[in-house]
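Tertiary structure, described
Each chain, written out:
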Amino acid sequence: MAKYILKRVLWLIVIVLAVSVVIFSLMFIIDGDPARSILSVNASQEDIDALRDKLGLNDPYWVQLVRFLKQTFLEFDIGTSYRTRKPVLTEIFERIGYTLTIASVSTFVATVLGIYLGVVAATNQYSWKDNTAIFLSLFCVSMPEFWFALMLVSIFALQLGWLPPLGIDSWKSYILPCISCLVGGTANIARQTRSSMLGEIRQDYITTAKAKGQTKEKIITRHALKNSLIPVITVIGSLFGTQLGGSVVVEQIFSIPGVGSYMMTAIGFRDYPAVRGGVLVIAICFSAVILLIDIVYVLVDPRFSERYNNQ
Amino acid sequence: MKTSIGNRRKKTNFSEILRRLSKNKLAMIGLVVIICLFLMAIFANLIIPYDYSKQDYSAVLQKPSREHLFGTDELGRDVFSRVVYGTRYSLRMGLLTVAVAAVLGTLLGSFAGFYGGAVDNILMRILDIFQSIPILVFAIILAAALGPGLNNAIIAMGVSTMPLYARLIRASIMQEEGNEYVEAAKAINASDMRILFRHVLPNAISPMIIHITMSIGYSILVASTLSFLGLGAQPPTPEWGAILSEGRNHMRDHGYLLFYPGMMIMISVLSFNLLGDGLRDALDPRLKGN
């Protein structure tokens, strides 16, 4: 077990390194000139060239790449934002809280709600409950997150005035962003739970449990759910990733000062260090959650740990 | 003789799947809506009452009425015409994205699955790297790097969703590989490429077909998101996401500017999902019934 975790953590480090190279290269081919964005539109060509030299943007690809990797991984410094002139890492630490709060709350609620709906649907197959759950979840996966967010703002913030439309002032400000993030995820988890639950319900061990007179509730919670959750667990990891990605959009709509909106502004400004930093942090959070979930997976599924220990 | 038997088997199998699919009401509704959407895209020019880009400053921000079914936007353009014409762009983005992703994914996945060992290891680790960035974030960065525009957004989305296809095809190729027909093909000294593309791949492709149908809807979603963020279709192109992005400024008093394009996105994604679900059930009857 320890060996498995160690192996995965080492692999995580390799991934982070590789992601940095990928992001750096993408920022290298991106069209546009940060020097021109920093200086005003009518800056002279000499000024622009001088600034490009100062930022090291005129160096060849390899020189810039090595310098970036050395800075990031040996000095733990992602650089200074071209736009705000502040260290990217400090700026991201100020903002990551919002992004992670929205992503984790919506992942958590989506998981709990989705599993509940999925179980209800599966245990009442073909009933009205099942049909409503299927139909609702189909609607929810088909809905553009940003459109749903806009509709929520338009109804609950602008028309009814119940919740703030923009920014983060109190816990109330989190309600609309989280709801718009979690609908799609809930629907996904519900669909997944339903289908894996339906697969389990037909297994022989359920018939055995029924035969020995076990109550329906206990058959569901103790036997069927436990086994059908295993494929669902793997979905939760990618759900968290979807929520991180979705938070980019939702932060834009609700003007939340998180990493996502930071990154989008940085892209517009050709602020390379800020974009790299944002993507890198998102990738690290995502990979860490996936790793965590894989470890939970191993702990939960005795078949897997058995196989691993035998190796 | 041999081919005729082969053909007959194939046909009965196919018609059986079609029969099962046609019994699924929801899937059929999805199919009908999809056909309508395609007709709408093809005959957009005949349907739209106004030119989608014609500005009319005497009719700015009008509420839906008989003349303008979905109202007019801030430049006095007819939203109904824009939304109908936008079907072309949104469908094109959805379909082409899936095509790019499916081709790339199938190539990568089949090589990985077929050769196994070091090739497989290297390719899969590369996919791991791609997948450690959330799909939407990766698509945004790629689209930004390539520069905004319809085609670049399609490439960006195709590349960022490609790992899903690659893993899927790899898994089903690995399952096929133990079969006797592969051994037989090897025994008659067929080349690797011939075995892979003529024998193994056609047998391993069916999970891919389900995934493709399900992914068209998802691709339309991501495409509209990219356009909404300003990285996909550029104004004045009437792509649905782009229309939403333009209408956003008037959200407070002119909600209809947002409602209709959003509904169109949802209806088209929903129909592809319904068809995809139906196709999955038809191809994999184990999941259906008691």
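Everything numeric here is computed off the predicted structure, so don't read it as measured data. (Residues numbered from 1 in each chain as written. Chains lettered and ligands numbered in written order. Predicted model: local features only at pLDDT ≥ 70, side-chain atom pairs only at ≥ 80, totals over all residues. Heavy atoms only, no water.)

**A few points about the overall build of chain A**
Tallying secondary structure elements over chain A gives 13 helices and 0 strands in all. Helices (α) and strands (β) of chain A occur, in sequence order from the N terminus, as α-α-α-α-α-α-α-α-α-α-α-α-α. If you line up chain A on its principal axes, its C-alpha atoms span 85 × 60 × 30 Å. Out of the 311 residues in chain A, the part that is buried amounts to 49%. (Helix = DSSP H or I, 4+ residues; strand = E, 2+ residues; numbered from the N terminus. Buried < 20%, exposed > 50% of the residue type's maximum accessible area, 1.4 Å probe, protein only.)

**Some points on the overall build of chain B**
Across its full length, chain B holds 12 helices and 0 strands. Listing each helix as α and each strand as β along chain B from the N terminus yields α-α-α-α-α-α-α-α-α-α-α-α. Each principal axis of the C-alpha distribution contributes one length, and for chain B these read about 75 × 45 × 35 Å. Considering chain B as a whole, with its 290 residues, one finds that 51% of them fall into the buried category. Surface exposure of chain B reaches about 13600 Å², of which carbon and sulfur atoms provide 62%. Measuring between centres, the 27 positive side-chain charges of chain B sit 7 Å from its 20 negative side-chain charges. (Areas by Shrake-Rupley, 256 points an atom, 1.4 Å probe, with all protein chains shown as cover. Lys, Arg positive; Asp, Glu negative; His and termini not counted. Charge placed at Lys NZ, Arg CZ, Asp CG, Glu CD.)

**Looking at the confidence of the model for chain A**
For chain A, per-residue confidence averages 83 on the pLDDT scale, and residues scoring 70 or more make up 96% of the total. Least confident of the elements in chain A is helix α13 (residues 302-310) of chain A, whose mean pLDDT is 64; most confident is helix α5 (residues 88-123) of chain A, at 89. (pLDDT = per-residue confidence, 0-100.)

**Side note on a positive patch on the surface**
On the surface, Lys212, Lys218, Arg222 and Lys226 of chain A cluster together into a positively charged patch. The topology assignment puts Arg222 of chain A in helix α10 (residues 216-254). (Patch = residues over 30% accessible without salt bridge, like charges linked within 9 Å, V, L, I, M, F, W, Y side chains within 5 Å. Salt bridge = Lys/Arg side-chain N within 4 Å of Asp/Glu carboxyl O.)

**Remarks on the domain arrangement of chain A**
Residues and elements named next belong to chain A. By the assigned domains, chain A splits into domain 1 (2-73) and domain 2 (91-309). For domain 1 versus domain 2, the distance between C-alpha centres works out to 32 Å. Interface of domain 1 and domain 2: buried area, both sides summed, is about 1900 Å²; carbon and sulfur atoms make up 77% of it. Among the residues domain 1 hides against domain 2, the three largest losses belong to Tyr4, Arg8 and Met27. Together they make up 30% of the total. For the interface between domain 1 and domain 2, the tally reads 1 salt bridge. Of the charged contacts in the structure, one is a salt bridge between Asp294 and Arg8, with a shortest N-O distance of 2.6 Å. Our count for the domain 1 to domain 2 interface comes out at 1 residue pair in polar contact (both at pLDDT 80 or more). Elements with a contribution of two residues or more to the side of domain 1 that touches domain 2: α1 (2-29), α2 (34-38) and α4 (61-74). Residue contributions to the side of domain 1 that touches domain 2 peak at 13 residues, all from α1. (Domains from an automatic or database assignment. Buried area = accessible area lost by both parts, 1.4 Å probe. Polar contact = N/O pair within 3.5 Å; in protein donor to acceptor, adjacent residues only side chain to side chain.)

**Some words on empty space enclosed by the protein**
Residues and elements named next belong to chain B. Per the counting criterion, the structure on display carries 1 cavity of 30 Å³ or more. Estimates place the volume of the largest cavity at around 80 Å³. As for the largest cavity, its lining consists of Asp73, Glu74, Arg77, Val79, Arg82, Ile243, Glu246, Gly247 and Leu257. Counting only elements with at least two residues in the lining of the largest cavity, the list comes to α4 (79-115) and α11 (240-247). Sorting elements by how many residues they give to the lining of the largest cavity places α11 first, with 3 residues. A per-class count over the lining of the largest cavity returns 3 nonpolar, 1 polar and 5 charged. (1 Å grid on protein atoms, 1.4 Å probe; cavity = no way out; pocket = protein on both sides within 12 Å on 5 of 7 lines; lining within 4 Å. Points joined across faces, edges and corners; volume = space filled by probe spheres on them. Nonpolar A, V, L, I, M, F, W, Y, C, P; charged D, E, K, R; others polar.)

**Concerning the nonpolar core**
Membership of the largest hydrophobic core comes to 138 residues, with the highest contact counts inside it found for Ile253 of chain A together with Ile140 and Ile141 of chain B. No other element matches α4 of chain B, which puts 12 residues into this core. Looking at which domains feed residues into this core, each of domain 1 (2-73) and domain 2 (91-309) of chain A supplies at least three. Not counting residues within four places of it along the chain, the set of residues in contact with Ile141 of chain B comprises Ile23, Leu26, Met27, Met263, Ile267, Val275 and Val279 of chain A. Among the nonpolar cores identified, the runner-up in size contains 20 residues, and Ile206, Ile219, Ile220 and Leu225 of chain A belong to it. (Core = buried A, V, L, I, M, F, W, Y, C linked by side-chain atoms within 4.5 Å. Contact = heavy atoms within 4.5 Å.)

**With respect to helix α3 (residues 45-55) of chain A**
All names here are of chain A. Buried residues of α3: Ile48, Leu51 and Arg52, and no others. Taken down its axis, α3 places every buried residue within 105 degrees of arc, on the same side. Exposed positions of α3 whose direction lies more than 90 degrees from the buried face are Glu46, Asp53 and Lys54. In the core, the buried residues of α3 are packed alongside α2. Positive phi shows up at Gly56, right after α3, with a value of about 75 degrees. (Arc of directions from axis to C-beta.)

**Focus: the packing of aromatic side chains**
Residues and elements named next belong to chain A. Counted according to the given criterion, the structure contains 15 aromatic pairs over all chains. With a centroid separation of 5.3 Å and 70 degrees between ring planes, the pair formed by Phe135 and Phe139 is classed as edge-to-face. With Phe135 and Phe139 both in helix α6 (residues 128-141) and 4 residues apart, the pair spans about one turn of that helix. Taken together through their ring pairs, the aromatic side chains of Phe24, Phe28, Tyr61, Trp62 and Phe68 make up a single cluster. A cation over a ring is seen here: Arg276 above Phe68, with NZ or CZ 4.7 Å from the ring centre. (Phe/Tyr/Trp six-rings, centres within 6.5 Å; stacked < 30°, edge-to-face > 60°. Lys NZ or Arg CZ within 6 Å of the ring centre and 35° of its normal.)

**Thoughts on the pattern of salt bridges**
Taken as a whole, this structure holds 9 salt bridges over all chains when the rule is applied. Where Glu246 of chain B meets Arg77 of chain B, a salt bridge forms, and the shortest distance between an N and an O atom there is 2.7 Å. Highlighted residues: Glu246 of chain B in helix α11 and Arg77 of chain B in the loop between α3 (44-47) and α4, separated in sequence by 169 residues. Between Asp277 of chain B and Arg280 of chain B there is a salt bridge whose closest N-O contact spans 3.8 Å. Of this pair, Asp277 of chain B and Arg280 of chain B both sit in helix α12 (residues 256-283), 3 residues apart, which is roughly one turn of that helix. Classification of Arg280 of chain B by relative accessible area gives partly exposed; the value is 30%. Among the charged side chains, a salt-bridge network with shared partners connects Arg191 of chain A together with Asp277 and Arg280 of chain B.

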